[in-house]
Structure formats: structure tokens, C-alpha cells
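In case you want the letters, here they are:
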Amino acid sequence: MLVGGFEKVYEIGQEIVTRCALAVNGKLKVDYQGVEIYLDRPWRRETMHNLSSIEACSSVGHLLNEVFEMVVEPKLLQPTFVLDYPIEISPLAKPHRRHSSLTVRFELFICGRKMANAFSELTDPLDQKRRLEEQVRQHNEKTEASGLNKEQENKDDDDDSYEVTLDEDFLTAMEYGMPPASGMGLGIDRLVMLLTDSASIREVIAFPVLKIQQ
């Protein structure tokens with residue numbers, strides 16, 4: 001949109017969680033599946049590294065993310081902003097101002113579930129190309145290894161691999177010049193689940209996706 005000439009692109013995100021909570025329940029304390037969630041601000045802020053307590057190593061980014069998802073994420077019951085995501089898992093985010101291995105990115109977690117993802121957009125086309133090339137390389141290696149494992153184990157299940165290619169059009173657009181920008185995505189369906197004490201996403205979306213039996 002920026003490259004197309006839309007100079008001002010905004011997304012409504014400020015205070016939407018607390019305002020929705022007050023509109024639905026009239027208070028900022030939410031009872032979700034037997035757990036009391038307190039939406040009073042300010043919300044906790046902590047880096048992924050401090051939450052996961054992992055020492056630096058050659059694959060710190062992916063290792064940190066694996067530990068975080070398995071061990072830390074389910075425990076983030078009260079609203080928590082998780083800051084400073086590794087560059088390996090944030091290919092579109094601007095580098096951190098002080099730590100080159102991190103990015104200017106945060107995610108919001110409530111009741112062990114990701115509610116929002118936000119970051120400052122990477123505007124350097126050369127850096128972006130290097131990151132996307134690395135992402136393609138890692139995906140191809142993972143797909144190849146997965147294929148070999150399936151062949152060795154004689155598995156008959158469907159191949160769930162998918163192709164990842166370099167987005168040349170996106171890189172070309174960036175080369176024209178991208179102004180400073182940031183983005184935030186909020187999971188409205190997950191917010192509705194929280195505010196209505198719904199255990200399943202099928203209860204809050206208009207058209208639940210049904211698995212078609214072959």
C-alpha cells in the first residue's frame with residue numbers, strides 16, 4: 001500500500017482490548033475457563049530471552065522459540081507483552097537498536113494464547129533479501145530432511161510440504177524506497193473467545209471450517 005501511493009495507512013489497535021472488555025462485561029476482570037484474567041493496565045512487559053532463560057548458542061533464535069512455545073507460552077495467563085524476538089524468526093522486522101541478533105517486535109499473550117503480533121517494518125531491501133534467502137534455504141533443508149525421514153520410515157501419510165520462494169516483486173517494491181512503518185495484527189476471534197468465555201474458536205466465528213471427509 002505504501003509503494004502504491006497510500007501515504008497514511010493506519011490500523012485501529014489502541015485500547016481495543018480494554019474497551020471491548022468494558023463493553024461486553026462492564027469490568028476489566030475476565031473469568032475465562034475458570035481462570036481470572038486481569039486486564040487492568042499497565043500490562044507486564046518482558047523479553048523472550050528472560051522468560052525462557054536460555055543461554056546463547058549457535059542456533060539461539062530457533063532454540064529460544066521452541067522452548068518459549070513449549071514451556072513459557074502456556075504459563076502467560078495474565079496480559080504480557082513479550083519483547084525482543086530473535087531475528088531468525090522475524091524476517092520482516094527491523095533490527096534491534098542495540099542487539100543485532102534481535103528485532104523490534106513484540107507479541108501480546110493472554111491466558112496462554114497469542115493475541116497480537118506487532119513490529120517495526122524492515123525497510124532495507126538488501127537486508128530483507130538476505131533474510132528471505134536464508135528463510136528459503138532453511139525451509140528447503142527442512143523439507144528435504146523431512147522427505148528422507150518419511151522415506152526411511154515408509155510412511156504413507158500425505159506430503160504436507162509446501163514451496164517457499166523468494167518474493168522478487170516485494171523486494172523490487174522495497175527498492176523504490178519504503179518510509180518508516182510499523183504494523184500490528186490483533187486476533188479478533190481470540191479476543192472474542194476470551195471475553196465470552198468460549199473454549200473453542202468454532203464457537204465465535206461465523207463460518208467454522210469443517211473438515212471434508214474423503
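As a starting point, this report considers the structure included with it. Remember, it's a predicted structure, so these values are computed and weren't measured experimentally.

## Description of the overall build of the protein chain
Right, on to step 1. Within the protein chain one finds six helices and seven strands.
Right, on to step 2. Among the 214 residues that make up the protein chain, the fraction classed as buried is 32%.
Right, on to step 3. In the protein chain, the share of contacts with a sequence separation of at least 24, taken over all contacts with a separation of at least 6, comes to 61%.
Right, on to step 4. As displayed, the protein chain has an accessible area near 14,500 Å², and 52% of this comes from carbon and sulfur atoms.

## As for the nonpolar core
Right, on to step 1. If you look at the biggest cluster of nonpolar residues, it comprises 20 residues, and the most contacted ones within it are Val17, Ile37, Leu39, Leu108, Ile110 and Leu194.
Right, on to step 2. When residues of this core are traced back to their parent elements, those giving at least two are α1 (16-25), β1 (29-32), β5 (105-110), β6 (113-120) and α6 (188-195).
Right, on to step 3. Broken down by element, this core gets its largest block of residues, four residues, from α6.
Right, on to step 4. Discounting chain neighbours no more than four positions away, the residues touching isoleucine 110 are Ile37, Leu39, Leu76, Leu77, Pro79, Met115 and Leu194.
Right, on to step 5. Formed by 12 residues, the second largest nonpolar core is a distinct cluster that contains Met48, Phe68, Val82 and Ile89.

## Considerations on the environment of glutamate 46
Right, on to step 1. By the element assignment, glutamate 46 lies in strand β3 (residues 44-47).
Right, on to step 2. The contact partners of glutamate 46, leaving out residues within four places of it in the chain, are Leu51, Phe81, Val82 and Leu83.
Right, on to step 3. A polar atom in the side chain of glutamate 46 sits 3.0 Å from the side chain of asparagine 50.

Criteria and cut-off values
- Residues numbered from 1 in each chain as written.
- Predicted model: local features only at pLDDT ≥ 70, side-chain atom pairs only at ≥ 80, totals over all residues.
- Heavy atoms only, no water.
- Helix = DSSP H or I, 4+ residues; strand = E, 2+ residues; numbered from the N terminus.
- Buried < 20%, exposed > 50% of the residue type's maximum accessible area, 1.4 Å probe, protein only.
- Contact = heavy atoms within 4.5 Å.
- Areas by Shrake-Rupley, 256 points an atom, 1.4 Å probe, with all protein chains shown as cover.
- Core = buried A, V, L, I, M, F, W, Y, C linked by side-chain atoms within 4.5 Å.
- Polar contact = N/O pair within 3.5 Å; in protein donor to acceptor, adjacent residues only side chain to side chain.

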